[in-house]
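Summary of structural features
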Amino acid sequence: MEQSPDKNILVTADGIPLKTSLARAQRRSKFVAFMMVFPLLFFIMIGFIVPIVDMLFLSIDNSIVNRILPNTVESLKNWDPYANELPDEAVYASMVDDIKKAKKAREHTKIGTRLNYESSGFASLFRKAGRKVQKIDKPPYKEALIKTDKRWADIYTWQVIKQNSSDLTDGYYLAAFDFTRKFTNGKVEPLPEKDSIYIKLFFRTLLLSTLITFLTFVIGFPVSYMLANVPTRISNILIIFVLLPFWTSLLVRTTSWIALLQQEGVINDFLILIGIISEDGRLAMIHNATGTVIAMTHILLPFMILPLFSVMKTIPKSYLRAAISLGAHPWVAFWRIYFPNTGPGIGAGSILVFILAIGYYITPALVGGSSGTFISNRIAYHISNSLNWGLGSSIGVILLVIVLFLFILYDRIIGIKNMKLG
Amino acid sequence: MGNTNNSEAYVSFQNVQKTYDGESFVIKNLNLDAERGEFITMLGPSGSGKTTCLLMLAGFETATYGEIILDGTSINNVPPHKRNIGMVFQNYALFPHLTVNENLAFPLQVRKVEKYEIEKKVRNALEMVQLGEYGSRRPMQLSGGQQQRVAVARALVFEPKIVLMDEPLGALDKQLREQMQYEIKELHEKLEVTVVYVTHDQSEALTMSNRIAVFDDGIIQQLAPPNVLYESPENAFVAQFIGENNTLSGKVIAINKEICTVEVGENETLRALAVNIEGIGSDTMISLRPERVVVNPENGSYPNIVSAEVIELIYLGDHIRSRMKVCGHDDFIVKIPNSAHHAQLKPGNTVKVGWLAEDARALDAPA
Ligand SMILES: Nc1ncnc2c1ncn2[C@@H]1O[C@H](COP(=O)(O)OP(=O)(O)O)[C@@H](O)[C@H]1O
Ligand SMILES: [Mg+2]
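Since the structure is predicted, the reported quantities are computational estimates derived from the model, not experimental observations.

**Things to note about the pairing of strand β18 (residues 329–337) of chain B**
Residue and element names in this part refer to chain B. Two strands pair when backbone bridges link them, and strand β17 (residues 319–326) and β18 are joined in this way by seven bridges, in the antiparallel orientation. Residue pairing across strands places I320 opposite I336, the latter belonging to β18. Taken together, β17 and the strand that follows it, β18, pair antiparallel across an intervening segment of two residues, in which C327 is found at a positive phi of about 50 degrees.

**So, the interface of chain B and chain A**
Taken together, the contacts link 22 residues of chain B with 18 residues of chain A. Of the roughly 1,800 Å² buried where chain B meets chain A, counting both sides, 67% is carbon and sulfur surface. Taken together, the links from chain B to chain A amount to zero salt bridges. Mapped onto the side of chain B that touches chain A, the elements with two or more residues apiece are β6 (85–88) and α2 (100–109) of chain B. The element contributing the most residues to the side of chain B that touches chain A is α2(B), with three residues.

**Some thoughts on the site of ligand 1**
Residue and element names in this part refer to chain B. If you check the shell around ligand 1, you find Y20, V26, P45, S46, G47, S48, G49, K50, T51 and T52 and nothing else. Separating an oxygen atom of ligand 1 from a backbone N or O atom of G49 is a distance of 3.0 Å. Measuring from an oxygen atom of ligand 1, one finds a backbone N or O atom of K50 at 2.9 Å. When ligand 1 sits alone it has 560 Å² of accessible area, and the protein chains cover 55% of it. Looking at the shell around ligand 1 residue by residue, the classes come out as three nonpolar, six polar and one charged.

**Re the pattern of salt bridges**
Scanning the model with the defined rule gives 25 salt bridges over all chains in all. Here A:D149 makes a salt bridge to A:R151, at a shortest N to O gap of 3.0 Å. Between B:R323 and B:E312 there is a salt bridge, and its shortest N-O distance comes to 2.8 Å. Pair noted here: B:R323 is in strand β17 and B:E312 is in strand β16 (residues 304–315), with a separation of eleven residues, a long-range link. According to the relative accessible area criterion, B:E312 is partly exposed, its value standing at 32%. Overlapping salt bridges, with partners in common, bring together A:R67, A:E107 and A:K110 in one network.

**Examining a positive patch on the surface**
All names here are of chain A. A grouping of K103, R106, R127, R131, K132 and K135 is seen on the molecular surface, where their side chains present a positively charged patch. Broken down by element, the positive patch gets its largest block of residues, three residues, from helix α6 (residues 122–132). With relative accessibility at 44%, the residue R127 sits in the partly exposed group.

**Regarding the side chain of A:T254**
Mapped onto the elements of the fold, A:T254 is located in helix α12 (residues 250–261). Excluding residues that lie within four positions of it along the chain, A:T254 makes contacts with A:I299, A:T363, A:L366 and A:V367.

**Examining the domain arrangement of chain B**
Residue and element names in this part refer to chain B. Each assigned domain of chain B is listed here: domain 1 (11–236) and domain 2 (244–364). For domain 1 versus domain 2, the distance between C-alpha centres works out to 39 Å. Contacts between the two partners involve eight residues from domain 1 and, on the opposite side, ten residues from domain 2. Carbon and sulfur atoms make up 44% of the area that domain 1 and domain 2 hide from each other, which totals about 740 Å². On the domain 1 side of the interface with domain 2, the three residues burying the most area are Y230, P233 and A236, jointly 62% of the side's total. The interface formed by domain 1 and domain 2 holds zero salt bridges in total.

**Some words on the sheet that holds β17(B)**
All names here are of chain B. An order of β15-β19-β16-β17-β18 is seen for the five strands of this open sheet, with the pairing classed as antiparallel. The strands lining the two open edges of the sheet, one partner per strand, are β15 (294–295) and β18. Here β15 runs beside strand β19 (residues 350–355); their pairing, made up of two bridges, is antiparallel. In the sheet register, V294 faces β19, and the bridge partner there is G354.

**Observations concerning the state of the cysteines**
Residue and element names in this part refer to chain B. Overall, the coordinates contain zero disulfides over all chains when judged by the stated rule. Between C260, a free cysteine, and C327, which holds the nearest cysteine sulfur, the sulfur-to-sulfur gap is 14 Å. Here C260 falls in the buried class, since its relative accessible area comes to 0%.

The rules we used
- Residues numbered from 1 in each chain as written.
- Chains lettered and ligands numbered in written order.
- Predicted model: local features only at pLDDT ≥ 70, side-chain atom pairs only at ≥ 80, totals over all residues.
- Heavy atoms only, no water.
- Pairing = 2+ DSSP bridges.
- Helix = DSSP H or I, 4+ residues; strand = E, 2+ residues; numbered from the N terminus.
- Contact = heavy atoms within 4.5 Å.
- Buried area = accessible area lost by both parts, 1.4 Å probe.
- Salt bridge = Lys/Arg side-chain N within 4 Å of Asp/Glu carboxyl O.
- Near = heavy atom within 4 Å.
- Polar contact = N/O pair within 3.5 Å; in protein donor to acceptor, adjacent residues only side chain to side chain.
- Areas by Shrake-Rupley, 256 points an atom, 1.4 Å probe, with all protein chains shown as cover.
- Nonpolar A, V, L, I, M, F, W, Y, C, P; charged D, E, K, R; others polar.
- Buried < 20%, exposed > 50% of the residue type's maximum accessible area, 1.4 Å probe, protein only.
- Patch = residues over 30% accessible without salt bridge, like charges linked within 9 Å, V, L, I, M, F, W, Y side chains within 5 Å.
- Lys, Arg positive; Asp, Glu negative; His and termini not counted.
- Charge placed at Lys NZ, Arg CZ, Asp CG, Glu CD.
- Domains from an automatic or database assignment.
- Disulfide = S-S within 2.5 Å.

The following block contains the structure:
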């Protein structure tokens, strides 16, 4: 390495600038490093990023109306949905034309299904129209279409179509927050109490997840402390018992709770046997919130114990001894010296358990009954039963936002760098 | 609280025995008295039970048998947090989530000292260890030597009866270690606090202590001031453990008052101080410091003069270290001072070496 006299930049012996040589030398190792993470990166892209982006898109996508009924959407542009007048002949003509084309492409039921989420009845309306529209071949289309079904003469029908004619919609999010946009006047209003379910479910999910996190902490902390303070030979064996649940199917673990907790189950029988409750006073501990909390606390416990254990393992025993030798009562020493040093483990364990709990659905579905289901159960319902993927996605996005928000809040208050996962 | 002891010993182990597993003694029989203000060091190889002794004194381990007296009171049944003993741990055990100030304030807070008093004492303690400006830092933000000083300050800030230090300098590099030895010693002299210090480093023990208890095999092999320990070891273990030492093993053939005659190797007889021998005919080990050996002495000037073959020479600046073969032992070390007219040796030379009978100590022969 020598100094080139004129430019004052460092060069190697063969005169290439030092920075260039360094970059060249590092290129190979960078490439190797990239190739090593590539399979995982690829997997994450396919399995994680793409679905999330897709979900974000699905939750606001409403292009189906515009795609299947393009002429109708175009002609409805000049129609005022709140003027209490039916659309004119041109709109009906476009609708007939659109339905004919959709029928040919076998898509008229799709639009019916889509609009049925907004207002029930649309599925049958479009199925019927699809059957009869072929016979309509000359004007007046308005009368002809109305003849197939009286609902075509209802302003409400057209208000629904008009409101859903833009490519993007906030309708799913409104629904996920128990709001609705009235078709008759376009105003956003809360749903009546009896129809509101999502906000209640969100709150229940957050509340029960918090409770579960707290319970895993209360149960897991002493266990971790014990594990961290027995000789390694023993703790290695005991840690297997903590991990044992991972080797058993989640379904088996959940259903075994049913056997234990149900009204004719082991625990109720035992309580009657020792006379704490009477035969008619059998406790309802399953198929309600209690069941969800008990089963999930059990299932998520290892996720609290492991980070706590790994943090406690690194806290030297001499801290407690030092504190005691300095005159602190053992309890004071524990509370003021030991406990604060377990913070990173508590943080990691809590956030792990909480985030897992908030998105859990198998266990609540099996043991939650009606009062112990989580918001994820609604997502599952919309994805696999009602097939309203838009609403399912919007709930999913809200859940994701809540988790990210809590994560950021955690970072602000405690700091992610203070978290120790293992 | 227990019986009062009228002897002047401030800390006293009386017939203390300790076993962890019920099968073997870690401490066989410990009797040790330390005076108020004394700096007493437990020195011994790793595993010899030094830490166990400190832990019993601090109250974290209980003596299986025997009694530990502090300031005239038996403390066997006093819980550790009420013993008022300061302790410096090898890894310092500074509380990482507290600042230096808070670390120092901790022992005062748990003693319910007034707030302004705490501030004053903490400030004084920090200045005492020359860390006045570092009070608001976290321990992690300090160097090893600074952490060490904080640990010492914390063990002193509440004015404990005694301070225990378990290999406190073990984690420091050589230079820092020597500086800290000096500083701790100075603090001890200034504060007149009683210190029980544990180390396996003999030079550290020699530098710092008033008295040293050499530990091995669960008992104290010798308890003496540094110079006595070095110059008059009472048994083979102490002689070997403290300082550099030549050993010549042989058989006692005659004893004349303090001087005995020992047959070493082939018909060579040496005269040595009879320190720890059983009698005529017993095996013995003569211990001789390398610096007490003279090369090429005048004939008849020393009672012990033998011929030696130079095997190896190492130039060390202030002196030359020479390994020689003497009386069949080829690990005999002689230190030749680098003076103007010192003997010029070469490997392979045969020379005469001599020493006084008083410098050679006939000790027990280790098994
Ligand atoms: N908590 C313990 N349980 C069982 N054996 C122990 C324990 N602590 C120390 N020992 C044993 O006691 C002996 C002395 O240990 P220690 O006092 O730590 O020695 P030192 O400090 O001199 O190195 C060692 O053999 C060690 O294995
Ligand atoms: Mg030790």
